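Spelled out, the chains give:
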Amino acid sequence: MVDITAGMVKELREKTDAPMMECKKALTEAAGDMEKAEEILRVKLGNKASKAASRVAAEGVVAIYISGDQKLGAMVEVNCETDFVAKNDDFLALAANVAELVATQNPADVAALSALAHNGSTIEETRKTLIGKIGENVSIRRFVRTAAIGLLNSYIHGGAKVGVLVDVTGGDVTLAKDVAMHIAATKPKSLDASGVPAEDIAKERAVAVAKAAESGKPAEIVAKMVDGSIAKFIKEVSLLSQPFVKDDKQTVEQLMKSKGAAVNGFSLYLVGEGIEKKVTDFAAEVAEAAAAAKAL
């Protein structure tokens, strides 16, 4: 049997907002598998369990560069070990410089970006120098470069922990900013239903099937319940079908049409998204240290 530690329970609670005992039960049932435990909680407790699924799991910042004509832009995520370093001027300068280089030099990947010249050296050399100076690991995790159909606008939120780059045709600056803020708030997975990742739909369907099966209803009713849940999920995670955050009586698509505008695409970065953050079981560490000291 897998030992379910207090640290594991705490991590699952932070991800799902579920009660501590429910988290422990789910982890026990899942044999310690965190992802499986989340799905178990979602079946038992509903969608509340996915509330914090996109919370950051590492420190760092998102930096954005947009050209003067708003036709070209880039967004990067640069990570570090602590929030203190994420506020360091040299660290922020590196992130800003990297974003501009991505836009202007169009590197193929992070390796190519790291080899680009910058202030008499390369980005990689600058990164290593910064590591030596601040005493923390620094890494360039990912970037996106966009050549706009319309005009680019951006929004950065939460101390540069959330970044949005959006391509809008028509409307005005206020409308584009509102859309960018909406994306930061609701965190859609795609522009419309056609872009929702198949793996996300499959995962949602598995949860919906398990929940519907618990209802005890006939198979044909269960099938309709599952289809309804999936349709609702796709609508909720598609930008254009989401209720606009400043006026939930209209969708984003309806808002754009009313202004003679359109969203051509967007990119959303959440610092640390998908990165496992080390969870320390302090009680276990103390016990281990005490045992080690006794053995001396």
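The structure we're discussing is the one just above.
Remember, it's a predicted structure, so these values are computed and weren't measured experimentally.

Engineer: Help me understand the nonpolar core, please; the structure alone is not making it clear to me.
Structural biologist: The nonpolar side chains of a soluble globular protein tend to be buried, and buried together. Counting residues in hydrophobic clusters, the biggest one holds 24 residues, and the most contacted among them are Val76, Val78, Phe91, Val98, Val102 and Leu113. Listed by contribution, the elements that provide at least two residues to this core are strand 1 (59-66), strand 2 (72-80), helix 4 (83-86), helix 5 (89-105), helix 7 (123-134) and strand 5 (139-147). With sequence-adjacent residues up to four places away left out, Val102 is seen in contact with Ala74, Val76, Pro107, Leu113, Phe143, Val144 and Arg145. Residues Ala180, Ile183, Leu255 and Leu270 belong to the second largest nonpolar core, which totals 21 residues.

Engineer: What's the story with the pairing of strand 2 in this structure? I'm lost.
Structural biologist: For a regular strand, the rule is simple: side chains alternate between the two faces of the sheet. The element strand 2 is largely enclosed, with a buried count of eight among its nine residues. Two strands pair when backbone bridges link them, and strand 1 and strand 2 are joined in this way by eight bridges, in the antiparallel orientation. Within strand 2, the residue paired with Val62 across the bridge is Glu77. Summarising the sheet, strand 2 and strand 5 pair through eight bridges and their orientation is antiparallel. Paired with Ala74 across the two strands is Arg145, which belongs to strand 5.

Engineer: Please clarify how unusual backbone geometry should be interpreted in this entry.
Structural biologist: Most peptide bonds take the trans form, and the phi angle of most residues other than glycine is negative. Positioned with a positive phi, Gln70 is a non-glycine residue whose angle comes to about 60 degrees. Note on placement: Gln70 falls in the loop between strand 1 and strand 2. Looking at Gln70, the relative accessible area reads 24%, which means it is partly exposed. Phi is positive for Asn106, close to 55 degrees, though the residue is something other than glycine. One can find Asn106 in the loop between helix 5 and helix 6 (110-114). Judged by relative accessible area, Asn106 falls into the partly exposed class, the value being 46%.

Engineer: How do you make sense of the pattern of salt bridges when you look at a structure like this?
Structural biologist: Side chains bearing opposite charge may pair, as long as their charged atoms lie close to each other. Per the stated rule, a full pass over the model turns up 15 salt bridges. The residue Glu77 makes a salt bridge to Arg142 at a minimum N-O spacing of 2.6 Å. Remark: Arg142 occurs in strand 5 and Glu77 occurs in strand 2; sequence separation between them is 65 residues. On the basis of relative accessible area, Glu77 is assigned to the buried category, the value being 0%. With its nearest N and O atoms 2.4 Å apart, the salt bridge here joins Asp90 to Lys133. Separated by 43 residues along the polypeptide, Asp90 in helix 5 and Lys133 in helix 7 bring together distant segments of the chain. What emerges from the salt-bridge pattern is a single network uniting Glu59, Asp83, Lys87 and Lys161.

Engineer: What should I look at first to understand the sheet that holds strand 7 (residues 162-169) in this one?
Structural biologist: Working definition: the strands of a sheet are paired by backbone hydrogen bonds and lie parallel or antiparallel to each other. Taken in spatial order, the three strands of this open sheet run 6-7-10, and their pairing is antiparallel. On the outer flanks of this sheet lie strand 6 (151-157) and strand 10 (262-270), each paired with one strand and no other. The mean inter-strand angle of the sheet, taken between neighbouring strand axes irrespective of direction, is 15 degrees. One ladder, built from eight bridges, connects strand 7 with strand 10; its direction is antiparallel. In the sheet register, Thr169 faces strand 10, and the bridge partner there is Ala262.

Engineer: What is the right way to read helix 5 from this model?
Structural biologist: Within an α-helix, residues lying three or four positions from one another point in the same direction, as the helix has 3.6 residues per turn. End to end, helix 5 covers 24 Å across 17 residues, agreeing with the expected 24 Å (1.5 Å per residue, within 8%). Regarding helix 5, the residues found buried are Phe91, Leu94, Ala95, Val98, Ala99, Leu101, Val102 and Ala103. Structurally, the start of helix 5 carries an N-cap: the backbone nitrogen of Asp90 is 2.8 Å from a side-chain oxygen of Asn88.

The rules behind these values
Residues numbered from 1 in each chain as written. Predicted model: local features only at pLDDT ≥ 70, side-chain atom pairs only at ≥ 80, totals over all residues. Heavy atoms only, no water. Core = buried A, V, L, I, M, F, W, Y, C linked by side-chain atoms within 4.5 Å. Buried < 20%, exposed > 50% of the residue type's maximum accessible area, 1.4 Å probe, protein only. Helix = DSSP H or I, 4+ residues; strand = E, 2+ residues; numbered from the N terminus. Contact = heavy atoms within 4.5 Å. Pairing = 2+ DSSP bridges. Salt bridge = Lys/Arg side-chain N within 4 Å of Asp/Glu carboxyl O. Axes fitted to C-alpha atoms, helices over the stretch in contact; angles between N-to-C directions. Expected span 1.5 Å × (residues − 1). Polar contact = N/O pair within 3.5 Å; in protein donor to acceptor, adjacent residues only side chain to side chain.

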